[in-house]
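So you can see what is in the structure, the chains are spelled out below.
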Amino acid sequence: LSYSGAVGAAGTQVIRWNPCKPIGWRLNAPGLSATAVQTINTEFGQLAQATGMTFRYDGTTTFVPRTDNIDTEPDQLIVAVIARTATDFFDDAPGAVGYGGWQAEAGASGKYQITHGYAILDQAEVAALPVGVQAGQSTGTLTLHELGHAVGLQHAANPTEIMYPSMNPQTPQTYSASDRAGLAKVGIGAGCIS
């Protein structure tokens, strides 16, 4: 598989959400078209289908994810379609049009689990992309990619996968078989985290 799991410091644990509990998410997308908002909602459906996890939409927010405030998010996962200058996540990725990730904590059992996630999309780039669920370079494929990071996936090596580092003409409309294999390692099939 061209999938790279997120592992703990000892290299033995795939770090993921507890897939047996619903994950609340909020959207910060001032001025985003209704069609683009619907695309983001649709892509959450794709992610839920591929992982078996439940994602609960909790409404909008004005929260802007930054490296110094992730643990204060108003919900578990934030999707922010904002100016790239509003956040410091793009500082080390000047060519990126999106940035997704997570923060994890060790529970009582010593197992790490993701507690906060984010998918940040560059507002100007989103405005320039085709809107909708479609292959290639689109708001749909960008959203799927960053949501993949938010649930624990890293980049893949094959340009025909959503998790390839950049969108291209070969980017599929939805998660590929290899993407789904990676999502299975972080989803409900991997079991609950106690």
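The notes below deal with the structure included here. Fair warning: this is a prediction, and the values are worked out from it, not measured in the lab.

Next up on the list: the overall build of the protein. Each helix and strand in the protein was counted, giving 4 helices and 5 strands. The C-alpha radius of gyration of the protein comes to 15 Å, within 12% of the 16 Å expected for a compact globule of 194 residues. Taking the principal axes of its C-alpha atoms as reference, the protein extends roughly 45 × 35 × 30 Å. In the protein, buried positions account for 49% of the 194 residues.

All right, on to the side chain of Thr-139 then. Checked against the element boundaries, Thr-139 lands in helix 3 (residues 139–150). Those residues in contact with Thr-139 that lie beyond four places of it in its chain are Thr-39, Val-126, Leu-129, Pro-130, Val-131 and Gly-132.

This brings us to the sheet that holds strand 5 (residues 112–122). Picture the strands of a sheet paired through backbone hydrogen bonds; they go either parallel or antiparallel. On the basis of which strands lie adjacent, the open sheet formed by 5 strands has the order 2-1-3-5-4 and mixed pairing. Each edge of the open sheet carries a strand with a single partner, namely strand 2 (55–60) and strand 4 (98–106). Taken pair by pair, the neighbouring strands of this sheet meet at an average axis angle of 20°, ignoring direction. Here strand 4 runs beside strand 5; their pairing, made up of 9 bridges, is antiparallel. Its bridge partner lying in strand 5, Ala-104 is registered against Ile-114. Helix 1 (residues 34–51) contacts strand 1 (23–28), strand 2 and strand 3 (77–82) of the sheet and is inclined by roughly 160° relative to strand 1. In the packing of helix 3 onto the sheet, the strands contacted are strand 3, strand 4 and strand 5, and the crossing angle to strand 5 comes to about 155°.

Looking now at the environment of Trp-25. In this structure, Trp-25 sits in strand 1. A residue is classified by how much of its surface remains accessible, and Trp-25, at 1% relative accessible area, is buried. Residues Trp-25 and Asp-122 lie 97 residues apart in sequence; the distance between their C-alpha atoms is 18 Å. With sequence-adjacent residues up to four places away left out, Trp-25 is seen in contact with Ile-40, Asn-41, Phe-44, Phe-55, Arg-56, Tyr-57, Asp-58, Gly-59, Asp-75, Leu-77 and Val-79.

Counting 33 residues, the largest nonpolar core has Leu-77 and Val-79 as its most contacted members. Breaking this core down by element, the ones donating at least two residues are strand 1, helix 1, strand 3, strand 5, helix 3 and helix 4 (177–186). Discounting chain neighbours no more than four positions away, the residues touching Leu-77 are Trp-17, Ile-23, Gly-24, Trp-25, Arg-26, Phe-44, Gly-117, Tyr-118, Leu-147 and Ala-150. In terms of nonpolar packing, the next biggest core, distinct from the first, is built from 9 residues, Ala-80, Ile-82, Phe-89 and Ile-120 among them.

A pair of packed helices is characterised by two quantities: the angle between their axes and the separation of those axes. With their axes 9 Å apart at the nearest point, helix 1 and helix 3 run at an angle of 45° to one another. In this view, helix 1 runs oblique relative to helix 3, as classed from their interaxial angle. As for the relative orientation of helix 1 and helix 3, their crossing is right-handed in sense. Each of Thr-39, Ile-40, Glu-43, Phe-44, Gln-46 and Leu-47 in helix 1 lies in contact with helix 3, whose residues at this interface are Thr-139, Gly-140, Thr-141, Thr-143, Leu-144 and Leu-147. Of the residues belonging to the contact of helix 1 with helix 3, the class tally is 5 nonpolar, 6 polar and 1 charged.

Of all the 6 residues making up strand 1, 5 are buried; the element is thus mostly covered by neighbouring parts of the structure. Of the strand pairs in this sheet, strand 1 and strand 2 are connected by 4 bridges, and their pairing is parallel. Looking at the pairing, Ile-23 lines up with Phe-55 of strand 2. The β-α-β motif built from strand 1, the intervening helix 1 and the parallel element strand 2 has right-handed crossover chirality. Note: strand 1 against strand 3, 4 bridges, orientation parallel.

Rules and cut-offs
- Here the residue index of a chain counts from 1 through its sequence in written order.
- Reporting in this predicted model follows two pLDDT cut-offs: at least 70 for local features of residues, and 80 or more for side-chain atom pairs to be given and counted; totals over whole chains, interfaces and linings ignore these cut-offs and use all residues.
- The basis for every side-chain value is the complete set of non-hydrogen atoms in the structure, without hydrogens or water.
- Secondary structure is summarised from DSSP: a helix means a run of H or I of at least four residues, a strand means a run of E of at least two, and numbering begins at the N terminus for each.
- Each radius of gyration is computed over the set of C-alpha atoms, and the globule rule expresses the reference value as 2.2 Å times the number of residues to the power 0.38.
- A 1.4 Å probe rolled over the protein chains alone gives each residue an accessible area, and that area as a share of the maximum for its type sets the label: buried under 20%, exposed over 50%, partly exposed in between.
- Throughout, a residue-residue contact means that at least one pair of heavy atoms, one from each residue, lies within 4.5 Å.
- Should DSSP find at least two bridges between two strands, the strands are regarded as paired.
- Here, axes are lines fitted to C-alpha atoms. For helices the fit covers the stretch in contact, and angles between N-to-C directions go from 0 to 180 degrees.
- In this text, buried Ala, Val, Leu, Ile, Met, Phe, Trp, Tyr and Cys residues form a nonpolar core when linked through side-chain atoms within 4.5 Å.
- For classification purposes, an angle smaller than 35 degrees is called roughly parallel, one larger than 145 roughly antiparallel, one from 65 to 115 roughly perpendicular, and anything else oblique.
- Crossings are classed by handedness, with left-handed meaning an anticlockwise turn of the near helix from the far one by less than a right angle and right-handed meaning a clockwise turn.
- Under the convention adopted here, Pro, Cys and the residues Ala, Val, Leu, Ile, Met, Phe, Trp and Tyr are nonpolar, Asp, Glu, Lys and Arg are charged, and Gly plus all remaining residues are polar.
- By the criterion used throughout, a crossover qualifies as right-handed when its path from the first strand across the helix to the second strand runs clockwise, the strands pointing away from the viewer.

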